[in-house]
Amino acid sequence: MSGAFAEAVRERARLARVALRAAHREQDPNETLVAEAEWEHIARVARTHGVGLAEDLAAGMGPVAEESLPGEREQGPQR
């Protein structure tokens, strides 16, 4: 696998996380569903091809800044 492919996967994952955070922030259920599906897809592509992601959803999403993303436990109301 090429380094360019891995970088493209990581960039797509980054964009998917940004979109998911925005959908949560806007409380838009339709955009949230689309963004969740995109994240799940790119996370699966990364796992299939052995591309490590800094914040891997497969293990509960890892540390995420301000927004709660799929796979994380609910911790009460968001600010």
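Sequence order as written defines residue numbering, which begins from 1 separately in each chain. Only residues with pLDDT of 70 or above have their local features reported here, since the model is predicted, and side-chain atom pairs are shown and tallied only from 80 upward, although totals for entire chains, interfaces and linings are computed over all residues. Heavy atoms throughout the structure, all of them, feed into the side-chain values; hydrogens and water do not.

With phi around 55 degrees, Q27 is a residue other than glycine that occupies positive phi space. Here a strand is any run of E in DSSP of at least two residues, a helix any run of H or I of at least four, and the numbering for each starts at the N terminus. With respect to the helices and strands, the residue Q27 is situated in the loop between α1 (3-26) and α2 (29-48). Accessible area is worked out with a 1.4 Å probe on protein chains only. A residue is then buried under 20% of its type maximum, exposed over 50%, and partly exposed in between. Accessibility expressed as a relative area gives 68% for Q27, which makes it exposed.

Let us look at the confidence of the model for the protein. By definition, pLDDT measures how confident the predictor is in each residue, and it falls between 0 and 100. Residue-level pLDDT values for the protein average 77, and 67% of them are 70 or greater. The criterion used for residue contact is that any of the two residues' heavy atoms lie within 4.5 Å. Here residues 57-79 is modelled with pLDDT under 50, and outside its nearest four sequence neighbours on either side it reaches 37 contacts, counting other chains as well.

To continue, consider α1. An expected span of 1.5 Å times one less than the residue number is assigned to each helix. Here α1 contains 24 residues, and its C-alpha end-to-end distance of 35 Å stays within 8% of the 34 Å for a straight helix at 1.5 Å per residue. Taken together, the buried positions of α1 are occupied by A6, V9, A13, A16, R17, L20, R21 and A23. Immediately beyond the C-terminal end of α1, within one or two residues, lies Q27, with a positive phi of roughly 55 degrees.

Let us look at the packing of α1 against α2. The description of two helices packed together rests on the angle between their axes and the distance between the axes. Every axis in this analysis is a line fitted to C-alpha atoms, fitted for helices over the stretch in contact. Angles between the N-to-C directions lie between 0 and 180 degrees. Two elements in contact, α1 and α2, have axes separated by 9 Å at closest approach and are oriented at 155 degrees. The orientation of α1 with respect to α2, classified from their angle, is roughly antiparallel. The chirality of how α1 crosses α2 is left-handed. Every residue of α2 that contacts α1 at F5, V9, R12, A13, A16, R17, A19, L20, A23 and H24 is listed here: E31, T32, A35, E36, E38, W39, H41, I42, V45 and A46. Its residues placed into classes, the contact of α1 with α2 shows 12 nonpolar, 3 polar and 5 charged. Orientation categories follow fixed angle ranges, with anything under 35 degrees roughly parallel, anything over 145 roughly antiparallel, 65 to 115 roughly perpendicular, and all other angles oblique. Handedness of a helix crossing follows the sense of rotation of the near helix relative to the far helix, less than a right angle counterclockwise being left-handed and clockwise being right-handed. Throughout this entry, Asp, Glu, Lys and Arg are counted as charged residues, while Ala, Val, Leu, Ile, Met, Phe, Trp, Tyr, Cys and Pro are counted as nonpolar. The remaining residues, Gly among them, count as polar.

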